[in-house]
Amino acid sequence: MDFLPLWPIEPNNLAVFGILLLAGALGGFLAHRWPWLPSITGFMLVGLIIGPSGLDLLTTEVLLEARVVVDIALGLILYRLGLSLDLRVIAHAPYLLVTAVLESAATFLVVYLTLAYFGFAPLPAALIAAISISSSPAVLLHVAHEVNASGPVTESAQSLVALNNVIAFLAFSALLPSFHSAADAPWQMIVFQPLYRLVGSILLATVAGHILHYLARKTKNASQYHLALVAGAIMLTLGAAETLNLSTLFAPLVLGIVVKNLEHEDLVSDLDFGEALELFFIVLFVFAGANMHLRELLHYGWVALALVAARSLAKWSGAFIGGVAFRRPLRQAASTGLLLMPMAGLAIGLVQTSERLFPAAAAPITALVLAAVAVFEFMGPPLVGWALRLVDEAEKEVSSDASSIDTPDEIRPADEEAVLPPP
């Protein structure tokens, strides 16, 4: 009977999207029972339960097929993060650039030396160190929204996270020729493939950003269509990046940066995504929880914990030293480092890129980074919430009212004075 579905039934992407949302709502509701537990942790715990390491309701194959859903979620979040990187502010705020370079270099060096101590080969250790530079925009943005945080530390941290992710992608791209060379790839691949992905992603995002800016100007009197314009531009950028074999991670981040720096009056850079963005936050974190593998976490347990400790120390120390050097208040300098510690979306995306490019060498990279991400994603939300309260920029305690999709007003990138208050 050809009209009956094949057995066993495999959920398609629409069904997976629905399962992730329903599971996330349940996880958020359960986490709400413990006010000290952030909603993100509830999302991830439920994801772990329904994923391959738990009940296996969502198998590894199903999660792999549904990756497009997470690509969209990450695209929206990275675009939103790109809007926080105003190059005009960076040009007049050396604190941000110097601090980002300092803590990124410290992270790379400390993580590399830690992995070398545990016997990792130089190239895999360097690639993991480059990935470790990245910070999670989703955790910072979600917790900041959840507690309605605003102020100089929140705004500076958003810019630093954006800079971290740009630096991580550049460092990752710079290492690709060495991996191609070790794999005996032709010289064209060694020279042009990393350059093509980097420059092509920037050019694609620049073109898409100019188109979006032009359309937003032409329709500025019909602001009800701006959300559709932004969503369309992000989806078009993601689709074009996928078709052209460019980076679906770097392109939306650059798109946000381009749009922010093209606008002289707020048209779409201050757009409030509202409940739509909250839904994708839920999907992203439940998906991340489902993708955590307890076997790898246990196998690389001590190395992963060492990586977490080394990266945390480097991030915090770099941000603290940068803050002190620029005469920031000690509490602000200490809190900024805590806000940079979560690591997730971009790290997972770069791991998947390494799997596609170097399948033979990717196994230890994947296992160790995912094990570290699992730890960071569980410890990250409470740390971020505590850091925001430490500097009195949170209006309420971090609660797990995930069932409330009441997203506060979008946190807008600060102007120069707000990012750098007088010492």
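Provided above is the structure to which this section pertains.
Computed from a prediction, not measured in an experiment: that's the story for all the values here.

1. Thoughts on the overall build of the protein chain
For the protein chain, the count of helices and strands is 19 helices and zero strands. The buried share among the 423 residues of the protein chain stands at 56%. Taking all contacts inside the protein chain whose residues are at least 6 apart in sequence as the whole, residues at least 24 apart take part in 84%. Of the roughly 18,200 Å² of accessible surface on the protein chain, a fraction of 67% belongs to carbon and sulfur atoms.

2. Quick word on the packing of aromatic side chains
Under the definition given, this model contains seven aromatic pairs. Both rings, one in Trp-187 and one in Phe-192, keep their centres 6.0 Å apart while their planes meet at 55 degrees; by these two values the pair is tilted. With a relative accessible area of 54%, Trp-187 lands in the exposed category. The exposure class of Phe-192 is partly exposed, given its relative accessible area of 45%. Measuring from centroid to centroid gives 4.9 Å for Trp-316 and Phe-320, while their planes differ by 10 degrees, and the two rings are stacked. Here Phe-320 and Trp-316 lie together in helix H15 (residues 301-325), a separation of four residues that amounts to about one turn. Residue Trp-316 is classed as partly exposed on the basis of its relative accessible area of 30%.

3. Topic: the packing of helix H6 (residues 94-117) against H15
At a minimum axis separation of 8 Å, H6 and H15 run at an interaxial angle of 155 degrees. Taken as axis vectors, H6 and H15 run roughly antiparallel relative to one another. With respect to the hand of their crossing, H6 and H15 are arranged in right-handed fashion. Of the residues in H15, those in contact with Tyr-95, Thr-99, Leu-102, Glu-103, Ala-106, Thr-107, Val-110, Val-111, Thr-114 and Leu-115 of H6 are Val-303, Ala-306, Leu-307, Ala-310, Arg-311, Ala-314, Lys-315, Gly-318, Ala-319, Ile-321, Gly-322 and Gly-323.

4. Side note on the side chain of Thr-107
Relative to the helices and strands, Thr-107 is located in helix H6. Residue Thr-107 is classed as buried on the basis of its relative accessible area of 0%.

5. Description of the side chain of Asn-165
The topology assignment puts Asn-165 in helix H9 (residues 152-182). Within the structure, the side chain of Asn-165 is placed 3.1 Å from the backbone nitrogen of Ser-135, a separation counted as a polar contact. In contact with Asn-165, other than residues within four places in its own chain, are Leu-78, Leu-81, Ser-134, Ser-135, Pro-137, Leu-253 and Leu-346.

6. Quick look at the pattern of salt bridges
According to the stated counting rule, one finds two salt bridges in the structure shown. Of the charged contacts in the structure, one is a salt bridge between Arg-88 and Asp-86, with a shortest N-O distance of 3.0 Å. A residue is classified by how much of its surface remains accessible, and Arg-88, at 36% relative accessible area, is partly exposed. Of the charged contacts in the structure, one is a salt bridge between Lys-315 and Glu-103, with a shortest N-O distance of 2.9 Å. In this pair, Lys-315 is assigned in helix H15 and Glu-103 in helix H6, connecting sequence segments 212 residues apart. Taking relative accessible area as the criterion, Lys-315 reaches 0% and is therefore assigned buried.

7. Some remarks on helix H10 (residues 187-218)
Counted at 1.5 Å a residue, the expected span for H10 with its 32 residues is 46 Å, and the 46 Å between its end C-alpha atoms agrees. Along H10, the helix axis deviates most sharply at Tyr-196, where the bend reaches about 30 degrees.

8. Some thoughts on the environment of Ala-174
Secondary-structure assignment places Ala-174 in helix H9. Note on Ala-174: relative accessible area 56%, which makes it exposed.

9. Details of a nonpolar patch on the surface
A cluster of nonpolar side chains, contributed by Trp-187, Val-191, Phe-192, Leu-195, Val-199 and Leu-203, occupies part of the molecular surface with about 600 Å² of accessible area. Relative to the assigned elements, Leu-195 resides in helix H10.

10. What about the nonpolar core?
Grouped together as the largest cluster of nonpolar side chains are 127 residues, with contacts concentrated most on Tyr-79, Leu-115, Ile-128 and Leu-368. Considering each element in turn, this core owes the most residues, 14 residues, to H9. Counting residues in hydrophobic clusters, the runner-up holds five residues, among them Leu-204, Ala-240, Ala-241 and Leu-246.

What counts as what
Residues numbered from 1 in each chain as written. Predicted model: local features only at pLDDT ≥ 70, side-chain atom pairs only at ≥ 80, totals over all residues. Heavy atoms only, no water. Helix = DSSP H or I, 4+ residues; strand = E, 2+ residues; numbered from the N terminus. Buried < 20%, exposed > 50% of the residue type's maximum accessible area, 1.4 Å probe, protein only. Contact = heavy atoms within 4.5 Å. Areas by Shrake-Rupley, 256 points an atom, 1.4 Å probe, with all protein chains shown as cover. Phe/Tyr/Trp six-rings, centres within 6.5 Å; stacked < 30°, edge-to-face > 60°. Axes fitted to C-alpha atoms, helices over the stretch in contact; angles between N-to-C directions. Parallel < 35°, antiparallel > 145°, perpendicular 65-115°, else oblique. Left-handed = near helix turned anticlockwise from the far one by under 90°. Polar contact = N/O pair within 3.5 Å; in protein donor to acceptor, adjacent residues only side chain to side chain. Salt bridge = Lys/Arg side-chain N within 4 Å of Asp/Glu carboxyl O. Expected span 1.5 Å × (residues − 1). Bend = angle between axes of the 7 residues up to and from the residue. Patch = residues over 30% accessible without salt bridge, like charges linked within 9 Å, V, L, I, M, F, W, Y side chains within 5 Å. Core = buried A, V, L, I, M, F, W, Y, C linked by side-chain atoms within 4.5 Å.

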